[in-house]
Amino acid sequence: MPQRTVRAVVNQQPCRISGLGRTVRNQVRGQLETEIGDTHVATLYILSPGSPTLSSTAEVILTWVQCALLVPLAVLGLHRGWILLQYLRTRRQRAPHVAARPAEWPRVTIQLPIFNERLVAGRLVEQVAEIDYPRDRLEIQVLDDSTDDTSEIVRKVIEQLPGDLHVEHVRRTDRTGYKAGALAHGLTVAKGELIAVFDADFLPPRNFLRDTVPHMQDERIGMVQTRWGHLNPDYSVLTDVQRTLLDGHFVVEHHARARNGCFFNFNGTAGLFRRACIDDAGGWQHDTLTEDMDLSYRAQLNDWKFTYLPDVVCPAELPVEMNAFLSQQHRWAKGSTQTARKLLGRILRAEVPLHAKAEAGFHLLGNTAFPLLMSLILVALPLQLLRVANHSHPPMWLRTLEAMPLLFATACLLFYYGFARLGAGTFRLATLFRLPLVFAIGAGMCANNTAAVFSALRRNPGEFRRTPKRDVVEDTTTLRASTYRSPRGATPWIECALGVWASVTAITAFSIGIPWTGVFHGLFAIGLTWAGFRSVTEDVRGRAATPSARVLPANP
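Description of the structure in this document. Here the structure is a predicted model, which means the values were calculated and not measured.

## Focus: the overall build of the protein
And step 1. A count of helical and extended segments in the protein gives 17 helices and 12 strands.
And step 2. Across the 556 residues that make up the protein, the buried fraction comes to 58%.
And step 3. Surface accessibility of the protein: about 23700 Å² in total, with carbon and sulfur atoms responsible for 60%.

## Some points on the packing of helix H10 (residues 322-349) against helix H11 (residues 354-365)
And step 1. Across the interface, H10 lies against H11 with an axial gap of 9 Å and an inter-helix angle of 165 degrees. Comparing the axis directions of H10 and H11 gives the class roughly antiparallel. In terms of crossing hand, the pair formed by H10 and H11 is left-handed. Along its contact with H10, which presents Ser336, Thr337, Thr339, Ala340, Leu344, Ile347, Leu348 and Arg349, the element H11 presents Lys357, Ala360, Gly361, Leu364 and Leu365.
And step 2. The residue inventory of the contact of H10 with H11, partitioned by class, reads 7 nonpolar, 4 polar and 2 charged.

## A closer look at the pairing of strand E9 (residues 271-274)
And step 1. Covered by surrounding structure in E9 are Gly271 and Phe273 together with Leu272 and Arg274, the residues of both alternating faces.
And step 2. Of the pairings in the sheet, the one linking strand E7 (residues 194-197) to E9 comprises 4 bridges and is antiparallel in character. Each residue of the ladder has a partner; that of Val197, found in E9, is Gly271.
And step 3. Where strand E8 (residues 221-230) and E9 come together, 3 bridges link them in antiparallel fashion. In the sheet register, Val224 faces E9, and the bridge partner there is Leu272.

## Here we look at the environment of Phe520
And step 1. Within the secondary structure, Phe520 is located in helix H17 (residues 515-545).
And step 2. Take Phe520: its relative accessible area is 4%, and that puts it in the buried class.
And step 3. Separated by 114 residues in sequence, Phe520 and Leu406 place their C-alpha atoms 7.8 Å apart.
And step 4. Discounting residues that sit within four places of it in the chain, Phe520 has contacts with Ala403, Leu406, Leu407, Thr410 and Phe439.

## Side note on the pattern of salt bridges
And step 1. With the rule as written, the count across this model stands at 24 salt bridges.
And step 2. Of the charged contacts in the structure, one is a salt bridge between Glu538 and Arg534, with a shortest N-O distance of 3.0 Å. One end of the pair, Glu538, and the other, Arg534, are both in helix H17, 4 residues apart, so they sit about a helical turn from each other.
And step 3. A cluster of three or more residues bridged by salt bridges with shared partners is formed by Asp234, Asp240, Arg243, Arg421 and Arg434.

## Quick notes on the nonpolar core
And step 1. In terms of nonpolar packing, the biggest core is built from 66 residues, with Val108, Ile110, Leu112, Phe198, Leu209, Phe273 and Trp284 touching the most fellow members.
And step 2. Per element, the largest residue contribution to this core is 6 residues, and it comes from strand E10 (residues 305-316).
And step 3. Apart from residues no more than four positions distant in its own chain, Val108 is found in contact with Tyr133, Arg137, Leu138, Glu139, Gly192, Leu194, Leu209, Val213 and Leu272.
And step 4. Core analysis: the next-biggest nonpolar cluster, separate from the first, contains 48 residues, Val241, Leu372, Val379 and Ala420 among them.

## So, helix H15 (residues 446-455)
And step 1. With respect to burial, H15 is a largely interior element, 8 of its 10 residues being buried.
And step 2. Of the positions making up H15, those classed as buried are Cys446, Ala447, Asn448, Asn449, Thr450, Ala452, Val453 and Ser455.

## A few points about unusual backbone geometry
And step 1. Located in the positive-phi region is Tyr178, a residue other than glycine, with phi close to 55 degrees.
And step 2. Here Tyr178 shows up in helix H5 (residues 178-187).
And step 3. A relative accessible area of 14% means that Tyr178 is categorised as buried.

## What about the packing of aromatic side chains?
And step 1. In this structure the tally under the stated criterion is 16 aromatic pairs.
And step 2. On the basis of an interplanar angle of 75 degrees and a centroid distance of 5.5 Å, the ring pair of Trp105 and Tyr133 is categorised as edge-to-face. Taken together, the residues span a long stretch of sequence, with Trp105 in the loop between helix H2 (54-90) and strand E4 (108-114) and Tyr133 in the loop between helix H3 (121-129) and strand E5 (138-144) at a distance of 28 residues.
And step 3. For Trp105, a relative accessible area of 14% puts it in the buried group.
And step 4. Ring centres of Phe273 and Phe306 lie 6.0 Å apart, and the angle between their planes is 90 degrees; this geometry places the pair in the edge-to-face category. One end of the pair, Phe273, is in strand E9; the other, Phe306, is in strand E10, with 33 residues separating them in the sequence.
And step 5. Judged by relative accessible area, which is 1%, Phe273 ranks as buried.
And step 6. Of the aromatic side chains, those joined through ring pairs into one cluster are Phe264, Phe266, Phe273, Trp284, Phe306 and Tyr308.
And step 7. One Lys or Arg, Arg80, reaches over the ring of Tyr416 and ends 4.8 Å from the middle of that ring.
And step 8. The positively charged end of Arg175 is found above the aromatic ring belonging to Phe115, 3.6 Å away from the centroid.

Thresholds, definitions, all that
- Residues numbered from 1 in each chain as written.
- Predicted model: local features only at pLDDT ≥ 70, side-chain atom pairs only at ≥ 80, totals over all residues.
- Heavy atoms only, no water.
- Helix = DSSP H or I, 4+ residues; strand = E, 2+ residues; numbered from the N terminus.
- Buried < 20%, exposed > 50% of the residue type's maximum accessible area, 1.4 Å probe, protein only.
- Areas by Shrake-Rupley, 256 points an atom, 1.4 Å probe, with all protein chains shown as cover.
- Axes fitted to C-alpha atoms, helices over the stretch in contact; angles between N-to-C directions.
- Parallel < 35°, antiparallel > 145°, perpendicular 65-115°, else oblique.
- Left-handed = near helix turned anticlockwise from the far one by under 90°.
- Contact = heavy atoms within 4.5 Å.
- Nonpolar A, V, L, I, M, F, W, Y, C, P; charged D, E, K, R; others polar.
- Pairing = 2+ DSSP bridges.
- Salt bridge = Lys/Arg side-chain N within 4 Å of Asp/Glu carboxyl O.
- Core = buried A, V, L, I, M, F, W, Y, C linked by side-chain atoms within 4.5 Å.
- Phe/Tyr/Trp six-rings, centres within 6.5 Å; stacked < 30°, edge-to-face > 60°.
- Lys NZ or Arg CZ within 6 Å of the ring centre and 35° of its normal.

Functional significance is not addressed by these values, which are geometric in nature.
Here it is as structure tokens:
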């Protein structure tokens, strides 16, 4: 039997111990750990005299790759921590006080962009018709691009409204520009100097305009954004997780940006724009899928001021299906990346404070976390398998280096979303146990949103796939027949495969004594399997229950 060499690194100095076969490895490791402690053993492997094996070299390379992926993820976690600190520092600051109502209420146009929303369109029009505002100063535009019977439903609802209410049912011959195109088309005939926008899943409160319009008395204010509420947060675990995600954005993130001189954006709905601001910024443009974010940054770069009103809550329906939720996340991730590609250079050249530029960069590029996370998941399994094959024993410093970035990022996220629920007044004991699911579903979105980020690098803005609404507010126990579906192709199967991949990584990491890697990849496995399996079952169930259901076309 040929003699082999066991090479160890002791206090960063290599030493060789000759012996026969692999049995020597365990003996040497035990002796070294007893005498000098495993924290001084950088690596231990069997190799041919004088040269490392190919597998040990691959292990070292993958270790460095993993560390390189962990660093930017930790930085993104640090950014969330910074946002949380700014929120905690300014959370007692309220919106600018408005001394009095305007002497004369300005003319307002409410725009309701809808497309194939037969389950909720009538509800929206009826709710908006109840808004308290002088009727002679208010017009409502239903911007209806529908291709199904939604238009007929809207027409019947409008016919039943009071005669003194000015409601226009605006139809286009084509959907050029999707939502942005509909809003721009509506402006060509709108009479209001202020423009309010509500998506089909929202139910604005009756006093919405009375609470927001007074803040527009300052001519420098171009937009007022209100906080999103939730109509069905307790429908399922998925809707509860979405509530936490959105509360993080509206309770913590928006407040921190608005109160600290940073850019923040109109969210496409539940807000009030000044018509002059829209025109001055270049109008609604449809070269991104987040026309609201695009317009917001262009307006603020033109020195318009935005105001955030966290105490004015506009409730909306949360998607109850995984496919709908992930389709929405795909659109948002792709659109924000497109906006970064379009405007980040202009933002960096603008004469704004350095912290505002940095925050804008984190905001617009935040979805790069998903490709990084997906790469980490893919790298981790071969690395752990190589460690098993090489009988490696990672030292304590290396195990700490691998664990600390994810621990740090996770801690920031958990505190971030925990304080968001506290700020929204919805923190319960059950919330504490569900917070890890927020982290898990974030990992579950990595394949979906990675595809969105890379898709955004193409010049073609892509199709606007709207999120189907179900009108589940009145019935929280059963789901109404799926009139619309949001198929995601092969992505759910990829998520299921990645869930298995992460599960094997977790098991392997536990088996070789790296528990924190096992914990994190176990959470990744939960999120990916949850997203993929539920998407697949929803699609199968939808096809079986409603074979004639309308599938949202790729380019409607």
